[in-house]
Amino acid sequence: MPTSPLTTPTRAIATLVLALASSTAMAAVGDGFWHTDGGTLRDAAGNVVHFSGTNWNGMDSPNLIPHRLWGGTNHTIEKHLDEMKAAGLNLIRLPFSSEIFIAGQKPLQAAIDPTVNADLLGKTCLEVLDRIVASAGQRGIRIILDYHRRVAGSASEDGLWYDGAHPDAQWIANWVALVGRYKNNPTVVGGDLFNEVHASVTWNADGVDPDHNWRWALKRCGNAILAVNPHFLICAQGLDQYQGEGGWWGEVHTGEHDFPLTLDVPNQLLYEIHDYGPVVFDQPFHQASAGFPGNLPGFWDHLWGHLFKTGTGPVWVGEWGSFLNEAEAVAAFPGNASMPDRAHREVTGWFPALRTYIHDNNLSWTWWTWTADSGDTGGLLKEDNTVNAAKVAMIASVTYPAFAPSGPLTTPPNGPPTAVMTATPTSGTAPLVVAFNASGSSDPDSDPLTFAWSFGDGSATATGSTASHTYVAAGEFTATVTVSDGHGHNLSATRTITVSSAGGGSGGGGTGGSSSTPFSGTAISLPGTIQAENFDNGGEGVAYHDSDVIDNGGVGRTSEGVDVETVAGVTDVGWTATGEWLKYSVAVASTGSYTIGLRVASDGGSATIHLEDETGAHLGGSIAVSSTGGWQNWTVVSTTATLSAGSHVYKVVFDAVTLGANLDRIQVDPVVAGSGGGGGAVTGGGATSGPQGGSSGCGSGFAVAISMVMAFLGMRLRGQRP
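Residues numbered from 1 in each chain as written. Predicted model: local features only at pLDDT ≥ 70, side-chain atom pairs only at ≥ 80, totals over all residues. Heavy atoms only, no water.

**Quick look at the overall build of the chain**
Scanning the chain from N- to C-terminus turns up 11 helices and 33 strands. Across the 722 residues that make up the chain, the buried fraction comes to 53%. Taking contacts inside the chain between residues at least 6 apart in sequence as the whole, the part at least 24 apart equals 72%. When the accessible area of the chain is evaluated, it comes to approximately 26,500 Å², of which 57% is carbon and sulfur surface. (Helix = DSSP H or I, 4+ residues; strand = E, 2+ residues; numbered from the N terminus. Buried < 20%, exposed > 50% of the residue type's maximum accessible area, 1.4 Å probe, protein only. Contact = heavy atoms within 4.5 Å. Areas by Shrake-Rupley, 256 points an atom, 1.4 Å probe, with all protein chains shown as cover.)

**A short note on the sheet that holds strand E6 (residues 188-192)**
Strand order in this closed barrel of eight strands is E3-E4-E5-E6-E7-E10-E11-E12, and the pairing throughout is parallel. Between one strand axis and the next, the sheet turns through 25° on average, direction left out of account. Looking at chain direction, strand E3 (residues 52-55) and strand E4 (residues 91-97) are connected through three bridges and run parallel. Bridged to Thr54 within E4 is Ile92. The sheet contacts of helix H9 (residues 339-360) involve strand E11 (315-320) and strand E12 (364-367), and relative to E11 the element is tilted by about 155°. (Pairing = 2+ DSSP bridges. Axes fitted to C-alpha atoms, helices over the stretch in contact; angles between N-to-C directions.)

**Here we look at the packing of aromatic side chains**
Within this structure, the stated rule accounts for 27 aromatic pairs. The interplanar angle of 75° and the centroid separation of 4.8 Å between the aromatic rings of Trp320 and Trp367 together place this pair among those described as edge-to-face. Here Trp367 lies in strand E12 and Trp320 lies in strand E11, a separation of 47 residues in the sequence. What links up through ring pairs into an aromatic cluster is the set Phe96, Phe101, Tyr147, Trp175, Phe194 and Phe232. (Phe/Tyr/Trp six-rings, centres within 6.5 Å; stacked < 30°, edge-to-face > 60°.)

**Some details on the pattern of salt bridges**
Under the counting rule described, the total for this entry stands at 26 salt bridges. Two residues, Glu157 and Arg149, come together in a salt bridge whose shortest N-O distance is 3.6 Å. Across the pair, Arg149 and Glu157 agree in class, each one buried. Between Asp301 and Lys309 there is a salt bridge, with its nearest N and O atoms 2.9 Å apart. Here the residues in one salt-bridge network are Arg93, Asp146, Asp192, Glu272 and Glu319, joined through shared partners. (Salt bridge = Lys/Arg side-chain N within 4 Å of Asp/Glu carboxyl O.)

**Notes on the pairing of strand E19 (residues 475-484)**
The buried fraction of E19 amounts to seven of the 10 residues, a majority that puts the element mostly inside the structure. Summarising the sheet, strand E16 (residues 450-454) and E19 pair through five bridges and their orientation is antiparallel. Counted as the bridge partner of Phe451 is Val483 from E19. Of the pairings in the sheet, the one linking E19 to strand E20 (residues 490-500) comprises 10 bridges and is antiparallel in character. Each bridged residue has a counterpart across the sheet, and for Phe477 the counterpart in E20 is Ile497. In this antiparallel pair of consecutive strands, E19 and E20, the connection spans five residues, and Gly486 shows a positive phi of 80°.

**Some thoughts on the sheet that holds E16**
One open sheet holds the five strands; their spatial order is E14-E20-E19-E16-E17, and the pairing between them is mixed. Two strands bound the open sheet, and with one partner strand each, they are strand E14 (427-429) and strand E17 (462-463). Sheet analysis places E14 next to E20, joined by three bridges and oriented parallel. Counterpart to Gly428 in the pairing with E20 is Val499.

**Some thoughts on unusual backbone geometry**
Cis peptide bonds are those with omega within 30 degrees of zero, and the linkage from Trp368 to Thr369 qualifies with 0°. Its identity as a non-glycine residue notwithstanding, Leu64 has a phi of 60°, on the positive side. When you line up the elements, Leu64 lands in the loop between E3 and helix H2 (77-86). In this structure Leu64 comes out as buried when scored by relative accessible area, which is 4%. The backbone of Arg68 sits at a positive phi, close to 65°, despite the residue not being glycine. Examined against the element boundaries, Arg68 turns out to sit in the loop between E3 and H2. By relative accessible area, which is 2% here, Arg68 ends up buried.

**Considerations on the side chain of Ser364**
By the element assignment, Ser364 lies in strand E12. The contact partners of Ser364, leaving out residues within four places of it in the chain, are Val49, His50, Phe51, Val315, Trp316, Val317 and Tyr400.

**A short note on the nonpolar core**
Of all hydrophobic cores here, the largest spans 91 residues; its most connected members are Trp171, Trp175, Trp214 and Trp320. Once you skip the residues sitting within four places of it in the chain, Trp214 turns out to touch Trp161, Trp171, Leu193, Phe194, Val197, Val201, Thr202, Trp203, Gln237, Gly238 and Leu239. (Core = buried A, V, L, I, M, F, W, Y, C linked by side-chain atoms within 4.5 Å.)

**A look at the environment of Lys183**
When you line up the elements, Lys183 lands in the loop between helix H4 (168-181) and E6. In this structure, the C-alpha to C-alpha distance between Lys183 and His231, residues 48 residues apart in sequence, is 8.5 Å. Setting aside chain neighbours within four positions, we find Lys183 in contact with Phe33, Val228 and Asn229.

**Some points on H2**
Looking only at H2, the buried set comprises Ile77, Glu78, His80, Leu81, Glu83 and Met84. Looking at the buried side of H2, the elements it contacts are E3, E4 and helix H3 (125-138). Positive backbone phi, at 90°, marks Gly88, one or two positions downstream of H2.

**So, helix H5 (residues 214-228)**
Owing to its 3.6 residues per turn, the α-helix aligns residues three or four sequence positions apart on the same side. Compared with an ideal rise of 1.5 Å per residue, which puts 15 residues at 21 Å, H5 spans 21 Å between its outermost C-alpha atoms and is within 8% of the ideal. Two or three places before Arg215, at the start of H5, stands the capping residue Asn213, its side-chain oxygen 3.1 Å from that residue's backbone nitrogen. (Expected span 1.5 Å × (residues − 1). Polar contact = N/O pair within 3.5 Å; in protein donor to acceptor, adjacent residues only side chain to side chain.)

**Thoughts on the confidence of the model for the chain**
Here the chain shows a mean pLDDT of 85. Residues at 70 or above account for 86%. Note on residues 1-25: pLDDT under 50 across the span, and six contacts to partners over four residues away in sequence or across chains. (pLDDT = per-residue confidence, 0-100.)

**Concerning the packing of H2 against H3**
A pair of packed helices can be characterised by two numbers: the angle between their axes and the separation between those axes. The geometry of H2 relative to H3 is characterised by a closest axis approach of 10 Å and an angle of 40° between their N-to-C directions. Comparing their axes, H3 and H2 come out oblique. For the crossing formed where H2 meets H3, the hand is right-handed. Side by side, H2 and H3 meet where Ile77, Glu78 and Leu81 of the first sit next to Arg131, Ile132, Ser135 and Ala136 of the second. Looking at the contact of H2 with H3, its residues break down into four nonpolar, one polar and two charged. (Parallel < 35°, antiparallel > 145°, perpendicular 65-115°, else oblique. Left-handed = near helix turned anticlockwise from the far one by under 90°. Nonpolar A, V, L, I, M, F, W, Y, C, P; charged D, E, K, R; others polar.)

**Structural notes on the side chain of Thr54**
Topologically, Thr54 is positioned in strand E3. Leaving out residues up to four positions away in the same chain, Thr54 has contacts with Met84, Leu89, Leu91, Ile92, Arg93, Thr366, Trp367, Thr369, Trp370 and Leu380.

**Topic: the pairing of strand E18 (residues 466-471)**
Residue alternation in E18 divides its side chains into a buried set, Ala467, His469 and Tyr471, and an unburied set, Thr466, Ser468 and Thr470. Of the strand pairs in this sheet, strand E15 (residues 432-437) and E18 are connected by six bridges, and their pairing is antiparallel. Residue pairing in the sheet places Phe436 in a bridge with Ala467 of E18.

**Quick look at the environment of Asp384**
With respect to the secondary-structure elements, Asp384 resides in the loop between E12 and helix H10 (389-395). It is 9.4 Å that separates the C-alpha atoms of Asp384 and Gly604, two residues lying 220 residues apart in sequence. Within the structure, Asp384 has its side chain in polar contact with the side chain of Thr386 (distance 2.6 Å).

In structure tokens:
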């Protein structure tokens, strides 16, 4: 908010004020730990505090790390935080599950980009959390920790904060340990004790119905936390219903009239609610017959607005979110006939009503979600990981000023660069002149980069972001560029250059001039099927090229870099990137025209793939792969080529990949006379897409089938969307 100008009547008084200001550093709004005062939230100096934030989920998923730090997003923790701050967000509600407290527990390593986020590899979940807290504090972003789930994932839970494997006492102990970890760091201002209790949960007097009494659980856990840090905000969600009156999970606070919640330390209780529109769940109060949307302000006043209006305590909207684009909402739930009407009511009725209610009452809030991984609401980042400027603009009227930096001012470790390399051409006849270019390499800290080239043929090396080299002898050579940032990070990229002599054929041992050998010991007979995961033996740069050294899928030859996974009985190669390739030793029965069909799948991605033989000659035309609507929605794309009889080494090359394309198998069949050529796409089976519903990530459980699909997707990265 703007400050009033200095209007003191005399220079002497003004001088005194300036002298006092210079002798005592003036605290910024939001500094220190926070507390409540009637219906307001205040900082350590007594200033009223408002926050506008987002939920950055992922530590509650099987990844056990916030989303969109995986390969292909080009996002570090700090880049995410900078974009949040630029969008007017000054607080993060950070969901997690019980599993982060397991001793030595680490995030899913495949959910971490091994280039831009290599410094996160090997860290425990709590160490990653330390990094987020430190970097957020540097940027004036506060954090409210959110105990979101007992078990990581999106499978429906029973609405309780405990079960046999995660007892009530352990829930409290986990909170005590976490609060103790940050008790001297005012970046972490509070904790949401558990997300969206529901079903059999009650709100009763102390000790009554202890197995289901949420109020009693909040009091016991809250007091244990305050014994460690008496300045920590205890964030209390409500119920899903009380005495027959229902609302969204966490929204119903009418029980406070009958059984007020008090804690051992006063003024540390912050009430929380969640509210969503008809797209997520079309409730009775969303209907025109109930007076929608004009009924909503009174409805909210009754369920929870009475808390801040009567001075009982401040309230923040912990979750609200929407696509805010009717067409996008409809597209997110294909086949749902009611969705156009529901999307219209959400975008034109529910959203502006809640935004106005927040604005008029100066409420704090956190949007669900930051990344585009909610099937119900999308994110403030789009699927391509850029900020959704249109959505940010629609919530800009309820954002608040940034806070000053807080917490220990530690500097995050310097990040490694990304090494990107192109070569033109990659094959040909000696003498072959190849132009190399690594100018697409980048550094997350904007450090100046240096380049060191080796060309694989024993010749002199070179420096600079570009290089040209002439190969004078036949053979297969691995050219390498090593990119250095001056801080000890040295990353490399490679390309294989195949050079044939004027008479044809390349040097070196093995079939067709390649040192790779058949996967099973015997060349694959064609016509027939080449399973993508059965690439040749020989390793990186010989039998395959992969852009990292990790088998992200964790199946097959896991010590090698090719990313192989098995899903629903289908084993495929995924996480593909531009410039990657695979070799297969084959034996063609007879010379002739063949259809070459690639069984592929992609969720929003695209790729161009070509096949070539051991001389570098292309087999048929380039094959375009577009989105099939899911990473296991299989489609066959094909070309035709004349194959010569005998032993060969065929190479599958991924030329231009955006987000990714999975490859299951390559089917090679003779062209039947009169059947025409290939090049078309034939839709295959094996789709795993589900019905309308999606995983809101907020524990709604309204569409279990989609939740299970999203839980599976949470295990994927690069193109494979968590």
